[in-house]
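Listed below, chain by chain, are the residues.
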Amino acid sequence: MPMDDVVRQQILDAIPSLRAFAISLCGNVDRADDLVQETMVRAIANIDSFQPGTNMPAWLFTILRNHFRSEYRKRRREVEDADGHYADTLKSQPEQQGHIEFGEFREALSQLPTDQREALILVGASGFSYEEAAQICGCAIGTIKSRVNRARNRLAELLHVRDSDDFGPDEQTRAVLASGE
């Protein structure tokens with residue numbers, strides 16, 4: 001149905017009320033103007049679905065409200081990240097290198113003396129404190145600290161790691177070598 005002058009005037013008359021409604025929804029004048037503009041675009045594009053003789057403002061308010069809700073749901077799933085910092089945390093490294101490094105790490109770990117390997121796994125990988133690891137192993141806290149330190153140094157030597165940045169992209173694996181106390 002082509003838009004006649006009566007329908008056009010009904011749409012134009014509704015704009016101030018739509019704008020006030022949009023401002024009340026989003027609390028931002030610029031965003032409200034965008035909502036009203038998008039409502040107008042959608043209304044004109046879908047004018048054939050409007051039933052003549054029904055309530056034009058109600059139809060327009062429904063379009064505006066539905067668009068606002070859709071945008072709100074979409075924005076809730078999005079994260080503002082102007083500087084790219086959040087996106088950097090989401091990068092995933094190629095898995096092939098990780099598999100190779102993990103295999104090398106397991107091989108190096110198996111070469112450690114049992115007491116050092118046990119202490120390192122308890123403290124570095126399982127997250128136990130030195131005190132808890134000492135209780136589990138039945139030895140002094142200083143002994144656990146010494147075993148963990150020797151294990152880390154030996155692993156670094158076996159893996160040719162000078163510092164934690166050399167070990168690779170896997171933060172959990174780096175934590176075993178560099179974390180701690």
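These figures come from a predicted structure and were not determined experimentally.

### Some words on the pattern of salt bridges
Where side chains of opposite charge bring their charged atoms close, a pairing between them can arise.
Right, on to step 1. Here the structure, examined in full by the defined rule, presents six salt bridges.
Right, on to step 2. In this structure, Arg-19 engages Asp-33 in a salt bridge whose closest nitrogen and oxygen atoms are separated by 2.5 Å. With a gap of 14 residues between them, Arg-19 in helix α1 (residues 5–26) and Asp-33 in helix α2 (residues 29–45) connect regions that are remote in the sequence.
Right, on to step 3. Since its relative accessible area comes to 34%, Arg-19 is described here as partly exposed.
Right, on to step 4. The exposure class of Asp-33 is partly exposed, given its relative accessible area of 28%.
Right, on to step 5. Of the charged contacts in the structure, one is a salt bridge between Arg-154 and Glu-157, with a shortest N-O distance of 2.4 Å. On the criterion of helical spacing, the pair formed by Arg-154 and Glu-157 is a turn pair, its members being three residues apart in helix α8 (residues 141–158).

### Remarks on α1
Right, on to step 1. Taking 1.5 Å of rise per residue, the 22 residues of α1 would be expected to cover 32 Å, and the 31 Å separating its terminal C-alpha atoms lies within 8% of that figure.
Right, on to step 2. The sharpest bend along α1 comes to roughly 40°, located at Ile-15, with the proline Pro-16 sitting one to four residues further on.
Right, on to step 3. Residues of α1 that are buried include every one of Val-7, Ile-11, Ala-14, Leu-18 and Ala-22, and no others.
Right, on to step 4. Of the surrounding elements, those touching the buried residues of α1 are α2 and α3 (56–77).
Right, on to step 5. The opening residue of α1 is Asp-4, an N-cap whose side-chain oxygen sits 3.2 Å from the backbone nitrogen of Val-6.
Right, on to step 6. Among the residues trailing α1, Gly-27 stands out with phi positive, at a value near 70°.

### A look at the packing of aromatic side chains
Right, on to step 1. In this structure the tally under the stated criterion is three aromatic pairs.
Right, on to step 2. Taking the centre distance of 5.1 Å and the plane angle of 40° together, the rings of Phe-21 and Phe-61 count as tilted. Of the two residues, Phe-21 sits in helix α1 while Phe-61 sits in helix α3, which places them 40 residues apart along the sequence.
Right, on to step 3. Judged by relative accessible area, which is 25%, Phe-21 ranks as partly exposed.
Right, on to step 4. Aromatic pair Phe-50 and Trp-59: ring centres 5.2 Å apart, planes at 50°, arrangement tilted.
Right, on to step 5. On the basis of relative accessible area, Phe-50 is assigned to the buried category, the value being 3%.
Right, on to step 6. The exposure class of Trp-59 is buried, given its relative accessible area of 18%.

### Digging into the environment of Asp-115
Right, on to step 1. Mapping Asp-115 onto the fold places it in helix α6 (residues 114–125).
Right, on to step 2. What makes Asp-115 partly exposed here is its relative accessible area of 31%.
Right, on to step 3. For the pair formed by Asp-115 and Cys-137, sequence separation is 22 residues and the distance between their alpha carbons is 8.7 Å.
Right, on to step 4. A polar contact is formed between the side chain of Asp-115 and the side chain of Arg-147, at a distance of 3.5 Å.

Thresholds applied
Residues numbered from 1 in each chain as written. Predicted model: local features only at pLDDT ≥ 70, side-chain atom pairs only at ≥ 80, totals over all residues. Heavy atoms only, no water. Salt bridge = Lys/Arg side-chain N within 4 Å of Asp/Glu carboxyl O. Helix = DSSP H or I, 4+ residues; strand = E, 2+ residues; numbered from the N terminus. Buried < 20%, exposed > 50% of the residue type's maximum accessible area, 1.4 Å probe, protein only. Expected span 1.5 Å × (residues − 1). Bend = angle between axes of the 7 residues up to and from the residue. Contact = heavy atoms within 4.5 Å. Polar contact = N/O pair within 3.5 Å; in protein donor to acceptor, adjacent residues only side chain to side chain. Phe/Tyr/Trp six-rings, centres within 6.5 Å; stacked < 30°, edge-to-face > 60°.

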